[in-house]
Structures are given as structure tokens and as C-alpha cells.
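# Structural overview
Residue strings, one per chain:
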Amino acid sequence: MNSVHTRRTLLQLAGASSLAAAASFAARAEGGPVAAPAAGPGFASRTPIRVGAAALKVRDVERVTNYYRDVIGLSVLARGAASVTLGTGEGALLTLEPRPDAALEPPTAAGLFHIAFLMPSRHDLARWLIHVARNRTPLTGFADHSVSEAVYLNDPEGNGIEVYADRPAEGWRWENGRVVMGTHRLDVDGILALTDTRATDYAKAPDGLRIGHIHLRVGDVDAGDRFYRDLLGLASTSRRDTASFLSSGGYHHHLALNTWNSAGAGPRDEGSTGLAWFSLMAEKPELMAAQADRLTAAGVATTPLSGGFESLDPWGTRVRLLQG
């Protein structure tokens, strides 16, 4: 399978006739305008607050476990009646909680838009692309976001996934305190040129794989900002009428919120599938203490956990604030 055939296969898997069409599909995943790319190693896990792990409620735990193992390359780290934990040699990234009788969470409800797995390098993204092409894994789009290069897909129960690689942060462009992110055609050929397209060597996820960001559906962007920015201490890096991007330490975004399909959504149904929780890791204890103080002052309940505490956002999504 040479690079031309690989690109054709990837386009077919994304249901697109061209790279421009694949980028337009990805625009629906990030909502960005088409913009000129900037050049520039990601530092998502070296910030004062970062994303740690996430958990999904799923109906068919074996099928979904196999998907994240075979497609993303995560290893099964622990398995029990209540959950399956997957990750890399460096630790857990994803927990699956079996809910065989749960209804599928509708895309108009508040909840998960996608979990974004950050590859350690562009070369690792290339290796993974060959892996999904050779295994005919369906994709939903791919695009260049100026700060990063991304591929989109869904797991068997419709949970959104992004797999991406950051450009070096020194090349990101900032204007008036906002990072410039766009959605345009991905240089698939340039990525594939970094690896052997005739065979796949992606047997498992690289140890440096992280969850770089979490993208949520919310009922109201302003309410989301008040919780995640004002109470949890993330900073705004980009803002639109229907979407907000937030981060710590100057990363392009650790968290995104949108109302594209979920405007006006009320509390989530605990009996449905979808995101069970995700964790934000605070580098210093005083950061977590400040989060707790702000939540308490705002009348938002917190529940103690080992290593931190848990709270609920305005739609009932569980956020774990942990030291690490």
C-alpha cells in the first residue's frame, strides 16, 4: 500500500471524495473557520492544570474495550465486574463502565462531544494513520487546525474521538490573547511521508499518548464558562457565540464547550450511556484548594475522593479534580 493508495483509503474511510471534503467534515467536529496554517512540540501535560483520564458508560463493554485496544492501541490494565481500565505503560487513560440496559445518549443532550488522544509526535500520528487505513477503520473527518493536525472517528456506541498531534507551541499564533485555530485541509501526504506506508508497526499506543483535551456538548456556553473558567480556573483561549475553548498554562485548549447540537439542553440522564466522568489534574495543591474554595463559595457541592474531590458541572457531568 503506497502513500497514494493509503490516502485514497483514508478518504474512503472518512466518506469523502477529497481532502477538502474531509476538512469540511472536521469543521463540524471543531467548528473552526478555514484559516491559514501556522507552523510550530505540544505541552498539554506540562501545564499547571491538565486532563488526566476519562470514563465512559457503555452498553457492550467487550465490544468497546476491543475497539479502544485494537483501534487506538490502548492496553487493558485492569478488568472487573464494575469496570475495565485501559491505558499505556505510563498509566490509565480510559475507564469503561458497563451499563447493558442503558439508553444511548442522544447527540442533542449535554455530554461528550469527543475525547482527544494526543500523539507524542507527528510520526506517531503517521504510524497510526497507516494502522487505521490497513484495518479499514471508519473515520469521520480529518483537518489541520493550525496548532495541531487531527483525525476524527466514533467508537461503536457513537462516542466521539479525536486523534491528533500538536505543532510546536512556539509556532502557534496568538492575537489579542486568543490563539488562532482554523479548520482546513490536512496534509495527509506530508504525514504519510514520515513512515513506511507498506506495513504497519503500530502494535500498541506509544507510552507518550495522553488525553490532550476533552470536548463537551453543553446547554449554554456562558454557563459552561462560569463553571470551568471562573470556578475551576481554566483560561479562555478562544471564544465564539456557540463554542468556548479553555486551557491552562498557554496550551491551545484542554477543554472545549459547544452548543452546536445541544443548545438549551438540561441535566443529563444518569441512566444513559456517554461520558461518566473526566479528571483535571492540578500540579500544585494550592491550585486544587483554590478550586474547592471557589466551588464552595458558589454553592456548588463537592465530594471527597482519594487524591482530591469531585464536582458536577451545570449539566451533571462529573469532573474529578485531582492532585498530580
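The following paragraphs examine the structure supplied in this document. (Residues numbered from 1 in each chain as written. Predicted model: local features only at pLDDT ≥ 70, side-chain atom pairs only at ≥ 80, totals over all residues. Heavy atoms only, no water.)

### Brief notes about the overall build of the protein chain
What counts, and what does not: A helix here means a DSSP run of H or I that spans at least four residues, while a strand means a run of E at least two residues long, and both kinds are numbered starting from the N terminus. Atoms counted for the radius of gyration: C-alpha only. Globule rule: 2.2 Å times residue count to the power 0.38. Only protein chains enter the accessibility calculation, which uses a 1.4 Å probe; a residue whose area is less than 20% of its type maximum is buried, one above 50% is exposed, and one in between is partly exposed. In these tables, accessible area is a Shrake-Rupley quantity obtained with a 1.4 Å probe, and a residue counts as shielded only by the protein chains included in the view. The convention is simple: Lys and Arg are positive, Asp and Glu are negative, and His and the chain ends are not counted. One atom stands in for each charge, and that atom is NZ of Lys, CZ of Arg, CG of Asp or CD of Glu.
When helices and strands are counted, the protein chain shows seven helices and 18 strands. Compactness check: the protein chain gives a C-alpha radius of gyration of 19 Å against a globular reference of 20 Å for 324 residues, within 12% of the reference. Summarising its shape, the C-alpha atoms of the protein chain cover approximately 60 × 50 × 35 Å along the three principal directions. Considering the protein chain as a whole, with its 324 residues, one finds that 55% of them fall into the buried category. In the form shown here, the protein chain has an accessible surface area of approximately 12,900 Å², with 51% of it arising from carbon and sulfur atoms. Each charge class in the protein chain was averaged separately, 32 positive and 34 negative side chains, and the resulting centres sit 4 Å apart.

### Comments concerning the nonpolar core
Spelled out, the test is: Side-chain atoms within 4.5 Å link the members of a nonpolar core, which is a set of buried Ala, Val, Leu, Ile, Met, Phe, Trp, Tyr and Cys residues. Residues are treated as being in contact if the distance between any of their heavy atoms lies within 4.5 Å.
Counting 72 residues, the largest nonpolar core has Tyr 68, Ile 72, Leu 74, Trp 128, Ile 214, Tyr 228 and Phe 278 as the members making the most contacts within it. No other element matches helix H4 (residues 122–134), which puts seven residues into this core. Those residues within four positions of Ile 72 in sequence are excluded, and the remaining contacts are Tyr 67, Phe 117, Trp 128, Ile 161, Val 163, Tyr 202, Ala 205 and Leu 209. With 16 residues, the next largest nonpolar core counts Tyr 152, Ala 169, Met 181 and Ala 243 among its residues.

### Side note on the pairing of strand E15 (residues 274–282)
Rule in force here: Here a strand pair is declared whenever DSSP counts at least two bridges between the two strands.
Most of E15 sits inside the fold, with nine of its nine residues counted as buried. As paired elements, strand E1 (residues 49–58) and E15 share seven bridges and run antiparallel to each other. The residue of E15 that forms the bridge with Ala 55 is Trp 277. As paired strands, E15 and strand E18 (residues 318–323) are joined by six bridges and run parallel to one another. In the sheet register, Trp 277 faces E18, and the bridge partner there is Arg 318.

### Description of unusual backbone geometry
Residues apart from glycine generally show negative phi values, whereas peptide bonds are mostly found in trans. Of note in this structure, Arg 136 is not a glycine but carries a positive phi near 55°. Along the chain, Arg 136 turns up in the loop between H4 and strand E6 (141–144). Of note in this structure, Ser 146 is not a glycine but carries a positive phi near 75°. The residue Ser 146 is located in the loop between E6 and strand E7 (148–154) in this model. Among the residues examined, Ser 146 registers a relative accessible area of 1% and is labelled buried.

### Some points on the packing of aromatic side chains
Put simply, the test is: Note on ring pairs: Phe, Tyr and Trp rings are taken, using the six-membered ring of Trp, and paired if centres are within 6.5 Å. Classes follow the plane angle, with under 30 degrees stacked, over 60 edge-to-face and the rest tilted. We call a charge positioned over a ring when the NZ of a Lys or the CZ of an Arg lies within 6 Å of the ring centre and within 35 degrees of the ring normal.
One pass over the full model with this rule turns up eight aromatic pairs. When the centroid spacing of 6.4 Å and the interplanar angle of 55° are considered together, the rings of Tyr 68 and Phe 117 count as tilted. In this pair, Tyr 68 sits in helix H3 (residues 61–72) while Phe 117 sits in strand E5 (residues 111–118), placing the two residues 49 residues apart along the sequence. The burial state of Tyr 68 is the same as that of Phe 117; both residues are buried. Connected via pairs of aromatic rings, a cluster forms that spans Phe 43, Trp 172 and Tyr 251. Over the ring of Trp 277 we find Arg 320, and its NZ or CZ is 4.0 Å from the ring centre.

### So, the sheet that holds E6
Applicable threshold: Helix axes are fitted to C-alpha atoms over the stretch in contact, other axes to C-alpha atoms as well, and angles between N-to-C directions run from 0 to 180 degrees.
On the basis of which strands lie adjacent, the open sheet formed by eight strands has the order E6-E7-E8-E5-E11-E14-E13-E12 and mixed pairing. At either end of the open sheet lies a strand with only one pairing partner, and these are E6 and strand E12 (235–240). Each strand axis lies, on average, 20° off the axis of its neighbour in the sheet, ignoring direction. One ladder, built from four bridges, connects strand E13 (residues 243–247) with strand E14 (residues 255–258); its direction is antiparallel. The partner of Leu 246 across the bridge, within E14, is Leu 255. Across the sheet, H3 touches E5, E7 and strand E8 (160–166), and the angle it forms with E8 is around 25°. Along the sheet face, helix H6 (residues 221–231) touches strand E11 (210–217), E12, E13 and E14 and points at about 10° away from the line of E13.

### Some remarks on the environment of Leu 104
Note that Leu 104 resides in the loop between strand E4 (91–98) and E5. Taking the C-alpha atoms as reference points, Leu 104 and Asp 241, separated by 137 residues in sequence, lie 28 Å from one another. If we skip the residues at most four places from it in the chain, Leu 104 touches Arg 59, Glu 157 and Thr 273.

### Some details on the side chain of Arg 268
Mapped onto the secondary structure, Arg 268 falls in the loop between E14 and E15. Excluding residues that lie within four positions of it along the chain, Arg 268 makes contacts with Glu 105, Ala 110, Gly 111, Thr 273, Gly 274, Leu 275, Trp 315 and Thr 317.

### Quick word on H4
Note the threshold: The span you would expect from a helix comes to 1.5 Å times its residue count less one. Polar contacts, as used here, are pairs of N or O atoms within 3.5 Å; protein pairs need one atom able to donate a hydrogen and one able to accept it. Residues neighboring in sequence count only if both atoms are side-chain atoms.
Between its first and last C-alpha atoms H4 spans 19 Å; for 13 residues at 1.5 Å apiece the expected length is 18 Å, and the two agree. For H4, the buried fraction is high: ten of the 13 residues fall into the buried class. The N-cap residue of H4 is Ser 121: its side-chain oxygen and the backbone nitrogen of His 123 are 3.4 Å apart. Looking one or two places after H4, you find Arg 136, whose phi comes out positive at around 55°.

The values are spatial; any link to function lies outside them.
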